[in-house]
Amino acid sequence: MSRGAALLLAFLGAAGQARGQDDPSAVARAVLAADSAGDWAALLRLGHPDALRQFRSLQVLQLRLLGDTATGPDEAADSSDSIQHREFARRRLEAQRTTLDSVYHVRDVEALVRLAPDSVAARWMRAALERADTAGAPVPRATLVGVLPADDTVAYAVVVRTVPHPPGPLPEPLRDVTQQEARPEVMVLRRTPAGWRSMLDGTLLSQGAVAEDPLGGD
């Protein structure tokens, strides 16, 4: 292929991408496709800067709540506290240290604050995808129902996410509970100077909104 032909194809591809980013429906479909494929790099490109900043702020808050990394377990709980309380404090500090080391690869929470929002999101999504691959859990399927523009700068995408049943029989306490197979969701889309971007509601990134309970496995 000649250099001129290659440049033309690149230009046409960029033009098509630009047109797609000016259509909120196309952006919503692209987000769902990237989320289904585990394409975290595409999610970052399609995500609104505010969504990435909010994610970083939330992670910083959650990790600070787990305890200051400069405080050791003996300092985190007063000697008069119960054994259970001291163990809970120790596990919180351990969960914080594990997350900072294995997910974000930073020394402490203050170092996390200094990372760019897209870097924080990328590190979290890479770790989340590795855990999902190991767990082998069923992957929900998302279908775009439609997009409702609120005005020239905000639109709402209605998504139905089908949640597959886990393999094997349900535990006895859940057998009489109606299992919701189709879950409606709303994704917020906002226009930027570069085109429409998603707040990434309902995607892989939104799963980081709830901190894991360090005693959840007990």
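The preceding data block contains the structure.
This write-up is about the structure you can find in this document. (Residues numbered from 1 in each chain as written. Predicted model: local features only at pLDDT ≥ 70, side-chain atom pairs only at ≥ 80, totals over all residues. Heavy atoms only, no water.)

### Observations regarding the packing of helix α4 (residues 49–66) against helix α6 (residues 83–104)
Heads up, the rule is: Interaxial angles span 0 to 180 degrees and are taken between N-to-C directions of axes, which are lines fitted to C-alpha atoms, for helices over the stretch in contact. Secondary structure follows DSSP: runs of H or I at least 4 residues long count as helices, runs of E at least 2 residues long count as strands, and numbering of each begins at the N terminus. Contacts: residue pairs with any heavy atoms within 4.5 Å of one another. When residues are grouped by polarity, Ala, Val, Leu, Ile, Met, Phe, Trp, Tyr, Cys and Pro land in nonpolar, Asp, Glu, Lys and Arg in charged, and all others, Gly among them, in polar.
At a minimum axis separation of 8 Å, α4 and α6 run at an interaxial angle of 145°. Within the contact between the two elements, α4 uses F55, Q59, L63, L65 and L66 and α6 uses R92, L93, A95, Q96, T99, L100 and Y104. Considering only residue class, the contact of α4 with α6 consists of eight nonpolar, three polar and one charged.

### Considerations on the nonpolar core
Convention followed: In these notes, a set of buried Ala, Val, Leu, Ile, Met, Phe, Trp, Tyr and Cys residues joined through side-chain atoms within 4.5 Å is what counts as a nonpolar core. Only protein chains enter the area calculation, which uses a 1.4 Å probe; residues under 20% of their type maximum are buried, those over 50% are exposed, and those in between are partly exposed.
Counting residues in hydrophobic clusters, the biggest one holds 38 residues, and the most contacted among them are Y104, L112, W124, M125, L189 and L205. Of all the secondary-structure elements, those providing two or more residues to this core are α2 (24–37), α3 (40–46), α4, α6, α7 (109–114), α8 (117–135), β2 (154–162) and β3 (182–192). It is α8 that contributes the most residues to this core, seven residues altogether. Among residues more than four places away in sequence, those in contact with Y104 are F55, Q59, L63, T99, L112, V120, R123 and W124.

### Structural notes on the pairing of strand β4 (residues 195–198)
A regular strand places its side chains on the two faces of the sheet in alternate fashion. How we decide: Only strands that DSSP links by at least two bridges are regarded as paired with each other.
Two elements, β3 and β4, share four bridges in a ladder whose sense is antiparallel. Each residue of the ladder has a partner; that of R191, found in β4, is W196. Between β3 and the antiparallel strand that follows it, β4, lie two residues.

### What about the sheet that holds β3?
Within a beta sheet, neighbouring strands are joined by backbone hydrogen bonds and run either parallel or antiparallel to one another. Taken in spatial order, the four strands make up an open sheet running β1-β2-β3-β4, and their pairing is antiparallel. Each end of this open sheet is capped by a strand with a single partner; those strands are β1 (141–149) and β4. Averaged over all pairs of adjacent strands, the angle between their axes in this sheet comes to 30°, without regard to strand direction.

### Topic: α2
Every α-helix carries 3.6 residues per turn, so stepping three or four residues along brings you back to the same face. This is how it is decided: Multiplying one less than the number of residues by 1.5 Å gives the expected span of a helix. What the arc describes is the spread of directions from the helix axis to the C-beta atoms. Whenever a nitrogen or oxygen atom comes within 3.5 Å of another N or O atom, the pair is scored as a polar contact, on the condition that within protein one atom can donate a hydrogen and the other can accept it, and that pairs from neighbouring residues in sequence are kept only if both atoms are in side chains.
For α2, built from 14 residues, the straight-helix expectation of 20 Å at 1.5 Å per residue is met to within 8% by its first-to-last C-alpha distance of 20 Å. Among the residues of α2, those classed as buried are P24, V27, A28, V31, L32, A34 and D35. In an axial view of α2, the angular spread of the buried residues amounts to 165°, which keeps them on one side of the axis. Residues of α2 that are exposed and point more than 90 degrees away from the buried face comprise S36 and A37. One side-chain oxygen at the N-terminal end of α2 lies 3.1 Å from the backbone nitrogen of S25; it belongs to D23. Residue G38 follows α2 closely and has a positive phi angle near 70°.

### Things to note about the pattern of salt bridges
Our working definition: By definition, a salt bridge exists where a carboxyl oxygen of Asp or Glu is found within 4 Å of a side-chain nitrogen of Lys or Arg.
In the structure shown here, the tally under the stated rule is twelve salt bridges. For R183, the salt bridge identified is with E185, shortest N-O distance 3.2 Å. Through salt bridges with shared partners, one network takes in D35, R161, R183 and E185.

By themselves these figures say nothing about function.
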